[in-house]
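Structure at a glance
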Amino acid sequence: MPDEQKPPKTNESTEPLLTDHEESQEHKAPSWLKIPVEQEQYQPPRGGVIFLQVLIGVFFFVIVIRFWYLQMHKGEYFARQAIENRMRQEYILAPRGRILDLHDNILADNRTAYGLTLVREDCQDLPSTLAQISEWSGQPLAKVQEKYAQDRIKIKPYEPILMIQDINFALVSRIESEIHAWPGLKIVVLTKRSYPERELFSHILGYVAEVNEQEMRKDPQLAMGDLVGKQGLELEMEKRLRGSKGLYEVEVDAHAKVMGKSMRDEPHGGRDLKLTLDRDLQEACWEALGTATGSIVVMEPETGKVRALVTTPAYDNNLFAEGISRKDWQELRNNTNFPMQNRAIQSIYPPGSVWKLLMAAMLLESGVGVHESVYCPGYARLGKQIFRCWKHSGHGSMDLEHALIHSCDVYFYIMAERMGIDRLEKFAKQCGFGQPTGIDLPHERSGLVPSKAWKQRRFGKQWVRGDTYNASIGQGFTLVTPIQIANYVSSLLNGGKMLKPQLLEKESVESRGNLPCKRETLDFIVNAMHRTATVGTARVVSRRDAIMGGKTGTAQVVKLRMAGGNRRVRTKDMLYRTRDHAWIATWGKKKNKSYVVVVMVEHGGGGSSVAGPVAKKVYQYLFDEPKTGSKS
Amino acid sequence: MDMRLFSHINWPLIACITLLFLIGLLNLYSASGTRLEDGIIVSSFYQKQIVWGVCGLGCMLVTLTFDYRRLKNFAWIFYWIVLALLILVALIGKNVYGATRWISLGGISFQPSELAKIAVLILTARLLSHDGQPLGWKRFFGLLVIGFLPCVFILQQPDLGTSMMLLLILGGMIVFHGMRAVVFRSCLVAIPCCGALLWFVGMHDYQRQRILSFLNPGLDPRGTGYHILQSRIAIGSGQLWGKGFTEGTQSQLRFLPERHSDFALAVFGEEWGFVGCVTLVSLFCLFLLAIFSSAIQAKDRFGSMLVVGIFFYFFWEILINLSMVIGLMPVVGIPLPFISYGGSATLVNFTLLGIVLNVSMRRFMFKG
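Residues numbered from 1 in each chain as written. Chains lettered and ligands numbered in written order. Predicted model: local features only at pLDDT ≥ 70, side-chain atom pairs only at ≥ 80, totals over all residues. Heavy atoms only, no water.

1. A look at a nonpolar patch on the surface
Our working definition: Each patch is built from salt-bridge-free residues with over 30% relative accessible area, joining like charges within 9 Å and nonpolar side chains (Val, Leu, Ile, Met, Phe, Trp, Tyr) within 5 Å. Accessible areas in this description were obtained via Shrake-Rupley with a 1.4 Å probe; residue shielding takes into account the shown protein chains only. Throughout this description, the term salt bridge denotes a Lys or Arg side-chain nitrogen within 4 Å of a carboxyl oxygen of Asp or Glu. Numbering of helices and strands starts at the N terminus; helices are DSSP runs of H or I of at least 4 residues and strands are runs of E of at least 2. Per-residue accessibility, obtained with a 1.4 Å probe over protein chains only, is compared with the maximum for each type, and a residue is labelled buried under 20%, exposed over 50%, and partly exposed between these values.
A contiguous nonpolar patch, built from A:W68, A:Y69, A:M72, B:L240, B:W241 and B:V275 and spanning about 580 Å² of accessible area, is present on the exposed surface. With respect to the element layout, B:W241 can be found in the loop between α10 (225-236) and α11 (249-252). Look at B:W241 and you get exposed, because its relative accessible area is 64%.

As structure tokens, this is what we get:
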């Protein structure tokens, strides 16, 4: 462009005309074609130059410092955040172990169910999503919203909340066809617990239910919606049954689309539990008890294995596994018969005359001779008080064996008076009373062995001799559980070994010490029990085909007789709550089979008249030939 | 054209431009990638950017062909035409995303507000080149009126970012030129007052929301605060050396919004780390210094003011975009020169740099 180069030159040559510059442009050419030229020598303003330099300098430092802060100072924090952005953990549930009986009948099983989960981070329109869930499930919207509000605070935004628990097939297919319009919702397969035997094993198995916050805090492996054992073996054996969850690491993009999955931990299913219990025996015991309130323990004395453990009344544990309704829960809780209670281990009763089995052992170990006899006139006098024998006409002269066979109270009054309560307390505790047997079930009660110190502490009163009289025949303050009695009788039979009652078939026998008794003592008592079952108060269980032994007990709930009343009141005429508890502790041996059966009927009346026939029915199942033939 | 002119060309500036443009392309390639389950797909942004770059180079060469001093003649006409276009936009403009910024002429849509920045820049350079005296009240207000007139229409669109840029460029040029002490001090008082007025009267709710969410991004992490949070996570997680080219999870997995336009720097920060970021900022500073040296070497006041205006054009864009991406400023839709994708922005950038080269290569060609 030559013309562009010329004007500057002309300008340089026409320097004197510079003042008229504007005018000259007008004459020669249109002004917009001219190149306007400045005349003065240009020097950039000093302030401006410094201003720009400072701006650049400040800019550089501020930005670099900020980068340093973000990337170096807080870099690790943001790196973690970036990982949290894209990595999610997804658990793979491990199937819970089943619970089987001795013959592999299934007592607790898993079934598949469908549930609906919500991931709130992926949910675009939460209010209408909740409304849709309410419509599907038929629950009122307020309830769905409440459930969501409760659960959302417990978990991370990307973790699923289980909104509907158990969806039936018709609903699953309906939801399946509509779910694509609802991001964040997902149908998931759940495993649910079911108990096919219902009431029959509910007290032993307990139940599982959704984990609560307290349990989650204690165990980091648990997550919301998990099922955990809440009662019974489900609770006690939680660790073994649960197994361990697997873990997926899932990489997602910003739209929660899954980019990749890798398994970090494999799920390991829980172990199956094989119980010592025999489902059919359990049922036979259940039927033997009938409508009575009470419990039966069937135990193998040599191993401590529990073959049946029945409690009536019972509840259906499936109600809990499925999520119990408020109404059902209220009903169970308000039932005055306490159907939730496992009476064999959680109820404590005065043992009544069954206690004499312990007294006999103590007397023998304390050097009382087997021929030493006491005269029973039908009562014993203590100051102004009269302590009656159950047989008002009196037993006459009684030695230990006969006192056991005929259950003479006066013999034990007199002997206990001689021994003193301290010795009795010590001996009873050494035999395992006043403490749990250690059976693998939660909330086992200890019972009570009273002592002088205990009475002082509990009532602020001194121990009196009358208390010792009462304690000698298992009345007064003494309290035991049926499982303790069964365990004691087993110890008598197995040579004095105190075993932990076994519920798990595969577990080895666990000894908890020995009875403080000599062999002869045990043999004497076992023999006396055999005689009792042959000619004594426990005749009802006697059988031709087996060697049987037993001891009955009728435990008073109200001190009617001791109050000195002469007249015996017939059981059915008494108020239910004041009726006696009926006990019978028995053993039976046939060929190589040996069992201890303890029956306890609450407010049943006499031990031999009420508990005895129940025990007889149990032995019929155990020892009758045709039944054993048809079984297995 | 005289070949001697090429020997005076500002080579450092060209080197900076080339490097920045290449870094931008490379980064854009990574920012265009989206990881899916079965691999990465790359959208065509970086290819388009190459085309725009070539077009921009053309524009740059065209601006080199004439003597920059001729612009002085067209300053007023250009200004009035742009003003007319702005009015036209207000009347018949296209509405895109709730803002009326675009005008369609013969099938080509463009934003007159972009041109307004250049028009005000050139006109201000012309008016300031009159003499070197510090500005008194009269000339100061004259310049303010020239700046605010297009601003009124641009705010109407509404486009706070562009009008703010326009005033900042004007302000920068005025401060560089110098003004009387009393005028300067009055401004120091008046600007905060205007800011307050703007907050309560002139701003739309969404703009206020942006500023609030900038001050506390945790308030609404899924909404307006999302950009800020994700951008900070992206940059911060780069740490010292970065995650590596195309390895950024924040961008590849789409957590980062606007990753090829306004937030392209976050992609860069994530993948190249502190080292890369400092290098890039240094390069930007060298780039600004190269423009600055052209401004002080210019042989006449008009050329110098023109370059100073362009300096501020780039300076504010770089500063605002960087501050926004690293969380020092609220989110304003201003792209980062050369790094962010944008067709018209590339054209404008190259054209303006053409003017800078034009001024600098003619610095020996005439006597002032």
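Moving on from the coordinates now.
2. Some details on helix α6 (residues 137-156) of chain B
Within an α-helix, residues lying three or four positions from one another point in the same direction, as the helix has 3.6 residues per turn. Applied cut-off: By this rule, a helix spans an expected 1.5 Å times one less than how many residues it contains.
Helix length check: α6(B), at 20 residues, gives a terminal C-alpha distance of 28 Å against a target of 28 Å (1.5 Å per residue), a fit within 8%. When we look at burial in α6(B), the residues that qualify are B:F140, B:L143, B:I146, B:G147, B:P150, B:C151 and B:I154.

3. Considering the interface of chain A and chain B
Just so we agree on the cut-off: In this description, contact between two residues means that some pair of their heavy atoms is separated by no more than 4.5 Å. In short, buried area is how much 1.4 Å probe accessible area vanishes from two parts on joining, totalled over both. Nitrogen and oxygen atoms within 3.5 Å of one another constitute a polar contact, given that in protein one can donate a hydrogen and the other can accept it, and given that sequence-neighbouring residues count only through two side-chain atoms.
If you look at the interface, chain A gives 56 residues, while chain B gives 74 residues. A buried area of about 5800 Å², summed over both sides, lies between chain A and chain B, and 65% of it is on carbon and sulfur atoms. Summed over the shared surface of chain A and chain B, the number is zero salt bridges. For the interface between chain A and chain B, the tally reads five residue pairs in polar contact (both at pLDDT 80 or more).

4. Overview of the sheet that holds strand β9 (residues 258-265) of chain A
All names here are of chain A. Where we set the bar: Pairing between strands is defined by DSSP: at least two bridges between the two strands are required. To obtain an axis, a line is fitted to C-alpha atoms, over the contacting stretch when the element is a helix, and the angle between two such axes runs from 0 to 180 degrees between their N-to-C directions.
If you trace the three strands from one edge of the open sheet to the other, you get β1-β8-β9, paired in antiparallel fashion. Two strands lie at the open edges of the sheet, namely β1 (87-92) and β9, each paired on one side alone. With strand direction ignored, the average angle separating the axes of adjacent strands in the sheet is 25 degrees. Pairing between β1 and strand β8 (residues 246-252): six bridges, direction antiparallel. If you follow E90 over to β8, its bridge partner there is Y248.

5. Regarding the environment of A:M359
All names here are of chain A. If you trace the backbone, M359 turns up in helix α16 (residues 356-365). On a C-alpha basis, the gap between M359 and A428 in space is 8.6 Å, while along the polypeptide they are 69 residues apart. Ignoring sequence-local partners within four residues, the contact set of M359 consists of F412, A416, L424 and S472.

6. Comments concerning the pattern of salt bridges
All names here are of chain A. This model, assessed by the stated rule, comprises 42 salt bridges over all chains. Here K356 ties to D409 by a salt bridge, and the two come within 2.5 Å at their closest N and O atoms. With K356 in helix α16 and D409 in helix α18 (residues 409-419), this residue pair connects regions lying 53 residues apart in the sequence. Just as K356 is buried, D409 falls in that class too. The closest approach of N and O atoms between K455 and D467, which form a salt bridge, is 2.8 Å. Remark: D467 occurs in helix α21 (residues 465-472) and K455 occurs in helix α20 (residues 452-459); sequence separation between them is twelve residues. The burial state of K455 is the same as that of D467; both residues are buried. Here the salt bridges share partners, and the residues they tie into one network are R96, R193, D219, E234, E238 and R242.

7. A look at the environment of B:D131
When you line up the elements, B:D131 lands in the loop between α5 (112-128) and α6. Along the chain, B:D131 and B:R301 lie 170 residues apart, while their C-alpha atoms are 8.0 Å from each other. In this view, B:D131 contacts A:E40, B:R139, B:H177 and B:R301; residues no more than four positions away in its chain are not counted.

8. Re the side chain of B:S261
All names here are of chain B. Within the secondary structure layout, S261 lies in the loop between α11 and α12 (264-297). By relative accessible area, which is 15% here, S261 ends up buried. Here S261 is in contact with S340 and Y341, once residues within four sequence places are set aside.

9. Here's the deal with the sheet that holds strand β20 (residues 581-590) of chain A
All names here are of chain A. In spatial order, the strands read β12-β11-β21-β20-β19; together these five strands make up an open sheet with antiparallel pairing. Only two strands of the sheet have a single partner each, and these edge strands are β12 (306-312) and β19 (547-555). On average, each strand axis in the sheet is tilted by 5 degrees relative to the strand beside it, whichever way the strands run. Summarising the sheet, strand β11 (residues 294-299) and β12 pair through six bridges and their orientation is antiparallel. Across the sheet, residue M299 finds its bridge partner in β12, namely V306.

10. Description of helix α14 (residues 343-361) of chain B
Given a rise of 1.5 Å per residue, 19 residues ought to cover 27 Å, and the 27 Å separating the end C-alpha atoms of α14(B) matches this to within 8%. Of all 19 residues making up α14(B), 15 are buried, and the element is well covered by its neighbours.

11. Brief notes about the nonpolar core
How we decide: Only buried residues count toward a nonpolar core. Its members are Ala, Val, Leu, Ile, Met, Phe, Trp, Tyr and Cys residues joined through side-chain atoms within 4.5 Å.
Formed by 113 residues in total, the largest nonpolar core has its most connected members in B:F287 and B:F314. The element best represented in this core is α12(B), accounting for 18 residues. In this structure B:F314 touches B:F287, B:L288, B:I291, B:P337, B:F338, B:N349, B:L352 and B:L353, once residues within four positions along its chain are discounted. In this structure, A:A380, A:A428, A:L441 and A:I483 belong to the second largest nonpolar core, which totals 95 residues.

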